[in-house]
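Examination of the molecular architecture
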Amino acid sequence: MVAWTAGDNVFSLRGGVSRLTGEQSSVRINSIIAVRGEDRLAHRRNIPPLTNRELFRRDHHICLYCGREHHDDALTRDHVKPISQGGKDHWSNVVTACRRCNTHKGGRTPEEARMRLLAVPYIPNLAEYLYLRNRRILADQMEFLKSQFKQQKHRFQM
Ligand SMILES: [Zn+2]
């Protein structure tokens, strides 16, 4: 099922011990493996779950209204189109905002509040999401994920 492999790190995974030979099975795999075939869960995984942690990382911990970088505890999830106006709690409608800007914006759209949005919110693809989660990702896997990112150029209007 393996189409190709990449990455410098090779892992040895040990399996069970054969009752006949007494030998333990082991598999050596590269840190990056492309697998043939269709991913039947792909459509469900296309939209990663929305959490504040990954949202703040997506926006580089920068408030998308004032442009200042903040610690997580000073940041909030802002709904660009407010929930009270029918806005969705979805990647494409949420941005990182500092408490001050979020309070100032209140239940208004950026236009109504006369606040300029510095970047357009986007839905991270799977590679971007794994990068945002940054859990147990090796350096060469990180490079591979970055190469799978969408074009960044039209995202930031700054
Ligand atoms: Zn702000």
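Provided above is the structure to which this section pertains.
Residues numbered from 1 in each chain as written. Predicted model: local features only at pLDDT ≥ 70, side-chain atom pairs only at ≥ 80, totals over all residues.

On to the overall build of the protein, then. Each helix and strand counted, the protein has 6 helices and 4 strands in total. Helices (α) and strands (β) of the protein occur, in sequence order from the N terminus, as β-β-α-α-β-β-α-α-α-α. A buried classification covers 15% of the 158 residues belonging to the protein. Look at the contacts in the protein between residues 6 or more apart in sequence, and 61% of them connect residues 24 or more apart. (Helix = DSSP H or I, 4+ residues; strand = E, 2+ residues; numbered from the N terminus. Buried ≥ 20, exposed ≤ 12 C-beta atoms within 10 Å, placed from the backbone. Contact = placed C-beta atoms within 7 Å.)

Burial of nonpolar side chains together is a common tendency in soluble globular proteins. Among the nonpolar cores identified, the biggest contains 11 residues, and these are L55, F56, C63, L64, Y65, L75, V94, V95, A97, C98 and C101. Of all elements in the fold, only α2 (52–58) and β4 (94–98) reach the threshold of two or more residues within this core. The leading source of residues in this core is β4, at 4 residues. For L75, the contacting residues outside a window of four places in its chain are F56, H61, H70, T96 and C98. (Core = buried A, V, L, I, M, F, W, Y, C linked by C-beta atoms within 7 Å.)

What follows is about the pairing of β4. In terms of burial, β4 is a largely internal element, 5 of the 5 residues being buried. Because side chains alternate across β4, one face comprises the buried residues V94, T96 and C98, and the other comprises V95 and A97, equally buried. As defined by bridge partners, strand β3 (residues 75–79) adjoins β4 across 5 bridges and the pair is classed as antiparallel. Note on β4: the bridge partner recorded for L75 is C98. (Pairing = 2+ DSSP bridges.)

Okay, the pairing of strand β2 (residues 24–35) next. Burial within β2 is sparse, with just 0 of its 12 residues counted as buried. In this structure, strand β1 (residues 2–17) lies alongside β2, joined through 10 bridges in antiparallel fashion. Directly across from V2, in β2, lies its bridge partner V35. In textbook terms, the turn of a hairpin is the stretch between consecutive antiparallel strands, and for β1 and β2 this stretch comprises 6 residues, one of which, G22, has a positive phi near 75 degrees.

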